[in-house]
Each structure stands twice: as C-alpha cells, then as structure tokens.
Amino acid sequence: MAVITRVPPKNLWDEIVKEFASHKPPFREDDDMSVRTDYIDYNPAKHNPVFYGKMHERVTTDNDPMKDFNPATTHPSCVGFAFTEKPPESPPPPPTPPPPKEKCNPREYLEHYVFPILLPALEEMLRQAKKEKCLERKRTKFNALDFLTEYLYKRNSLHSGRENVQLEEIPFVKEWLKDHPRPPLPLSLIWTEDEAVLIIQSYWRGYLVRREPEVQELRQWQREWKEENSNISRRVSDFWEKKMPDGDKPTPNASEDVLTGEGTPITVQSPTKQAETK
C-alpha cells in the first residue's frame, strides 16, 4: 500500500544561514594542543614550511640523491623533489548585479537587500550576548533589539558621522521614549560583578563595625541626645513666651542680648558703640 507523504518546503532562513556559514573558513573546535601526535610516516612535503607556496613533485632517480646535496644552497627536505612556481590565480568572476528593488520578488529582495545586512548584525549581537553572559543567567541588562537598532543605525552606508551615536541619541528613539518611558533598571542588573562584590563587602564590614559594644554604646548616646535636643528652637520660644508674655519678646537667638535687672531692662551694647560714646 503506497503512502502519500507531503514534503515540507525548504525554509528560506535556513538556506541563507547555511550559505552564510559556508563562506567562513573552517576551524577545528576540538583542536587540543596538549594532545601529542606521533607521526609515523613523515612526509616533508606536507609538514615542512619549505614547500609552502610552491608546486613540487617527487623525482625518482637511480643514483643516491644525497650524493650531490649542498646544504649551503638548499634544504635537506628538498632532496628528491622538483619545484616550480605556482601560476597566478585567476581573478574571481564579478558578482552578478542584484535585481532592481522595484521589480524583484520578495525572496530576491530578502536575499540581496535584507539578509546581507541583517546577518552580520545578528552575528555581532550573539557575540555581545555571550559577553553579557545571557546564556548563563536568567536576567541581564542586555537588550537584543536595542543592540540591533544601535548597530544598524551606526553602520548605515547611506549616512556618515554616526559612529559615536548612542541609542538614546537616535531621533526616532527619543520620540518613542517620550511617549513610552522605560522604568529604571534595578541595581542588580546595572552593577557589574566587581562593583556588586565591592558594595556588598563594604556593607558587611560596616555591619561588623556597628555591632561592636563600644559603637553600640556611642550610637545609643547619640540617639538619646538627639531626642533630648529635638525641637530646641520651639523650646526656646516657649521659654521666652513665659518670661515675656507682652510685647518685647526677643528672638530665639537674642536670648543673651537683653538681660533683666531690678525691673529695668539692661541693653548690652557692642564694643564698637561703646567706643563711639566715649
């Protein structure tokens, strides 16, 4: 019995990513320099830098090739090989011009005008996300959309002089933030690990100092002194209201300017006025 299956269409995004990855040079991630490799069959043409950049071929002779070898003019690894220079590489063919924006279909527009700009930005965004440890923590201050907005705005080929523009200085971002202000980030996301460690340690050292008995006694005395001397200006005003209920009430700071004698107020003059009267 035949079974009819439906083959899903290829994803355009997967094809673009696969093509973008194919242009990168291959790197061995499992390359461990600490692992010792023993070469059993040593071939100087593969493992010697003398052969780099030249075309070579092993030449079979009846005589011993080391008989006429001169170490002053050649390298021992070159014995038994013939060399010639590589021909110059032919220039790559010129890239095909992209189709006009007004006449191309959506797929061609994405391939030629969107993905060549967006893919490098996404790659740089992933690198920055790795630096911010977004893959290790649940909450970070890194915002991928903000990074892409600032990255694409700075590297717009149609405009120059945007290299030092920050996200908050972009005109359309300013307009958006006026109507949609963002709440401030908590300090747990703003501080770096070194700053957080320094602040936590300073608070802990302060707590250890404040729990000392001598410091506790001093703080208790300061608290009692503050309670006893609270509202001192009001207490001085009440005192003078009781002493002088009518009219001539001195200000709180003039408590020592006017002294009462035997029913007659005595005014204390300044030394300058006393010298003038004399």
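Please read these numbers as outputs of a predicted model, since none were measured by experiment. (Residues numbered from 1 in each chain as written. Predicted model: local features only at pLDDT ≥ 70, side-chain atom pairs only at ≥ 80, totals over all residues. Heavy atoms only, no water.)

Section: the packing of aromatic side chains
Each aromatic ring pair is specified by the distance between its two centres and by the angle formed by the two planes. Applying the stated criterion across every chain yields a total of five aromatic pairs. Between Tyr-109 and Tyr-113 the ring centres are 5.4 Å apart and the planes differ by 35 degrees, which places this aromatic pair in the tilted class. Taken together, the residues Tyr-109 and Tyr-113, both in helix 3 (residues 106-131) and four residues apart, mark about one turn of the helix. Accessibility expressed as a relative area gives 35% for Tyr-109, which makes it partly exposed. Ring centres of Phe-147 and Tyr-151 lie 6.0 Å apart, and the angle between their planes is 20 degrees; this geometry places the pair in the stacked category. Of this pair, Phe-147 and Tyr-151 both sit in helix 4 (residues 144-154), four residues apart, which is roughly one turn of that helix. Phe-147 gets classed as buried once you look at its relative accessible area, which sits at 19%. Here the aromatic cluster, defined as three or more aromatic residues joined through ring pairs, consists of Phe-142, Phe-147 and Tyr-151. The aromatic ring of Tyr-153 is capped on one face by Arg-162, whose charged end is 3.8 Å from the ring centroid. (Phe/Tyr/Trp six-rings, centres within 6.5 Å; stacked < 30°, edge-to-face > 60°. Helix = DSSP H or I, 4+ residues; strand = E, 2+ residues; numbered from the N terminus. Buried < 20%, exposed > 50% of the residue type's maximum accessible area, 1.4 Å probe, protein only. Lys NZ or Arg CZ within 6 Å of the ring centre and 35° of its normal.)

Notes on the side chain of Asp-146
Looking at where Asp-146 falls in the secondary structure, it is placed in helix 4. For Asp-146, the residues in contact, after removing those within four places along its chain, are Leu-167 and Arg-182. (Contact = heavy atoms within 4.5 Å.)

Notes on a nonpolar patch on the surface
Residues Leu-185, Leu-187, Ile-190 and Trp-191 make up a contiguous nonpolar surface patch of about 350 Å² in total accessible area. Secondary-structure assignment places Leu-187 in helix 6 (residues 187-190). We classify Leu-187 as partly exposed; its relative accessible area is 46%. (Patch = residues over 30% accessible without salt bridge, like charges linked within 9 Å, V, L, I, M, F, W, Y side chains within 5 Å. Areas by Shrake-Rupley, 256 points an atom, 1.4 Å probe, with all protein chains shown as cover. Salt bridge = Lys/Arg side-chain N within 4 Å of Asp/Glu carboxyl O.)

These values are about where atoms sit, not about what they do.
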